[in-house]
Amino acid sequence: MPRKGMRSLFFSSPKTATRTAMAPTSPSITFSESLMEDDFSAAEEIITKWDPDSSSYAKITSLFYDNRREAREFIKSVRDLQRAMHVYVSEDSSSEKIIRAQSLMQTAMKRLEKEFYQILAANRDYLDPESVSERSSTNTTVSKRVSSMAMSDLRAIAECMIQSGYGKECVRIYKVIRKSIVDEGLYRLGFERMSSQQLQKLDWDSLEHKIKVWLHAVKIAGKTLFTGERILCDHVFATSGTVKESCFSEIAKEAAVNVFAFAESVTKCKRSPEKMFRFLDMYDAIAELWPDIESTFSYEATSAVRTQAVNALIKIGESVRAMIIDFETAIQKDSSKSPVPGGGLHPLTRYVMNYVSFLADYNGVLVDILADWPLPVKTPLMDALLTDDSSTFSSENPLYPVAIRLAWVILVLLCKLDGKAELHKDVALAYLFLLNNLQYVISKVKNCNLRLILGEDWVAKHEEKVRVYAANYEKQAWHKVLTALPDAPAGQQLSHAEVKEGFRRFSLAFEDAYRRHSGWLVSDRKIRDDIKISLARKIVPKYREFYAKYRMTLRNERGLDVTVRFAPEDLENYLSDLFYGDDVSGSSTPLHQPGRRSG
């Protein structure tokens, strides 16, 4: 067309314009209206094509799986249709266009509702919480890609349906399918909801099994199952904070509350000290999960889950404190009256220290549970513990709550052992009993976390007590032997009678000590050797000197073997045979055939 013609088209004279306007014509259509009509027609075409009721193909085929390009066009067409409807409503809310548009919108929503369900159902394996949370190292590139694609499609559909006023239908489908996945996940983990009354009817073995299953389930549920659901829900309904909050709450809140309520219900069962460690395991599991619980259930609508988790921690903590008191009381009430043969290890010592050493492994948990928990009413015993100059019992020590409590439990044990020592009528044996049991306590402390908790000062202080017990044992048990040999006045010789009496008294004293002590026990090898070396140094050199100096004095004495029963080397052999208890040959070795056991 010539330029002149173009100008005449756009710049007609007023006269021409007036004439044109006055001429009878059909209603004018604006450019935007024309585009809208085109969009409406395009939307009608694609929506009708994918109407589930329009053909068998449309009914059984997935739009998002079969033709992703058309799926994007479908979503765009729905948005175009929605904009057109707003315009039509503003012009004439009862027009034929509105009726057509509403019918098309219903058809489109029916299609999207079907697609939403199909994507959720078909991708269960790729939308599992573990895949969604991306915490599994076993996820393949393919599964991650499929998961990402499905999440993107679900989000697109959800946004479209919510913006079109059909959010309820979308959310309803999502809640039903995803809630079933959460319930199925807990079932596969072995978690079974049980009331307090049901749990109280179980014997301990059955209850402990339930707790073990729960410990396994709660870690996976807290870090994967619920977290994955929160991530998926937030992604799919990202455009609506209200929808994603209510949706996640209905899917996960009840299940999560039941999971954490289990731990609280267990605390209502009959308690006993042997259950302590499973309770600590439950506390530790929830405490470790707390950051995940706070972030996953941060919505106000899911605050009940946070509350239940906190209540479980509180109740478990109360039960643990009560069991510690029960344990202390059981130690104090131990009524066994039989002395331990040979002054060996008391069963109470072994039981208590094994128990306390296991408790020490939970020091991180116990710091929380025992914080701000007062010790028993102050007594002189408690004052002695609190005035210990060790930095272990300083409030500045991070482990102070655990240190002071476990030190107190051990102190209760040691006091009880003092009473048990009195059951041994022989004072020397009582000291050996205290030595053996305290050394066992120290050994347990040194070989577990108790050493870190109680500190080196505590160990050194109690090792010194062991040395005192050993010295007291020597003094009580070997005093007659050590004082049997007479000392000659300076510059003089002992008489024949004095020498004979000296050998006789020493032989009788040593023989009596050996026979009485041959069945006694020092369980720690180093201390056993130290005591024997100490006795040998005090007895043998003095006897060797006396033997060398005066034996010839009795060379013509009849029955010399009865008077002088031991050669110096015999003493060392006899001493080396001591402190192995009744289960060794030393307790029955004839005095004139000394054992050759190495010291």
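For the structure, see preceding data.
(A) Representation of the environment of Asp 368 within the structure. With respect to the element layout, Asp 368 can be found in helix H17 (residues 363-370). It is 9.9 Å that separates the C-alpha atoms of Asp 368 and Leu 399, two residues lying 31 residues apart in sequence.

(B) Broad picture of helix H19 (residues 400-421). A rise of 1.5 Å per residue sets the reference length of H19, with its 22 residues, at 32 Å; its end C-alpha atoms lie 31 Å apart and thus fit the reference within 8%. Within H19, 17 of the 22 residues are buried, which leaves it mostly tucked inside the rest of the structure.

(C) Representation of the nonpolar core in the model. The biggest cluster of nonpolar side chains holds 176 residues, and the ones touching the most others in it are Phe 116, Trp 214, Phe 226, Phe 237 and Trp 478. Once you skip the residues sitting within four places of it in the chain, Trp 478 turns out to touch Tyr 473, Phe 510, Ala 513, Tyr 514, His 517, Leu 535, Ile 539, Leu 575 and Leu 578.

(D) Here's a closer look at the packing of aromatic side chains. Taken as a whole and judged by the stated rule, the model has 28 aromatic pairs. Geometrically, the ring pair formed by Tyr 431 and Tyr 469 is tilted, given 6.4 Å between the ring centres and 40° between the ring planes. In this pair, Tyr 431 sits in helix H20 (residues 427-446) while Tyr 469 sits in helix H21 (residues 450-482), placing the two residues 38 residues apart along the sequence. Following the ring pairs from residue to residue traces out a cluster consisting of Trp 478, Phe 503, Phe 506, Phe 510, Tyr 514, Tyr 543, Phe 546, Tyr 547, Tyr 550, Phe 566 and Tyr 574. For the cation-ring pair, Arg 230 lies above Tyr 299, with the distance from its terminal atom to the ring centre recorded as 3.8 Å.

(E) Representation of the side chain of Ser 164 in the model. Inspection of the secondary structure assignment puts Ser 164 in the loop between helix H9 (141-163) and helix H10 (167-188). Judged by relative accessible area, Ser 164 falls into the buried class, the value being 14%. Within the structure, the side chain of Ser 164 is placed 2.7 Å from the backbone oxygen of Cys 160, a separation counted as a polar contact. Those residues within four positions of Ser 164 in sequence are excluded, and the remaining contacts are Val 78, Gln 82, Met 105 and Met 109.

Rules behind the numbers
Residues numbered from 1 in each chain as written. Predicted model: local features only at pLDDT ≥ 70, side-chain atom pairs only at ≥ 80, totals over all residues. Heavy atoms only, no water. Helix = DSSP H or I, 4+ residues; strand = E, 2+ residues; numbered from the N terminus. Expected span 1.5 Å × (residues − 1). Buried < 20%, exposed > 50% of the residue type's maximum accessible area, 1.4 Å probe, protein only. Core = buried A, V, L, I, M, F, W, Y, C linked by side-chain atoms within 4.5 Å. Contact = heavy atoms within 4.5 Å. Phe/Tyr/Trp six-rings, centres within 6.5 Å; stacked < 30°, edge-to-face > 60°. Lys NZ or Arg CZ within 6 Å of the ring centre and 35° of its normal. Polar contact = N/O pair within 3.5 Å; in protein donor to acceptor, adjacent residues only side chain to side chain.

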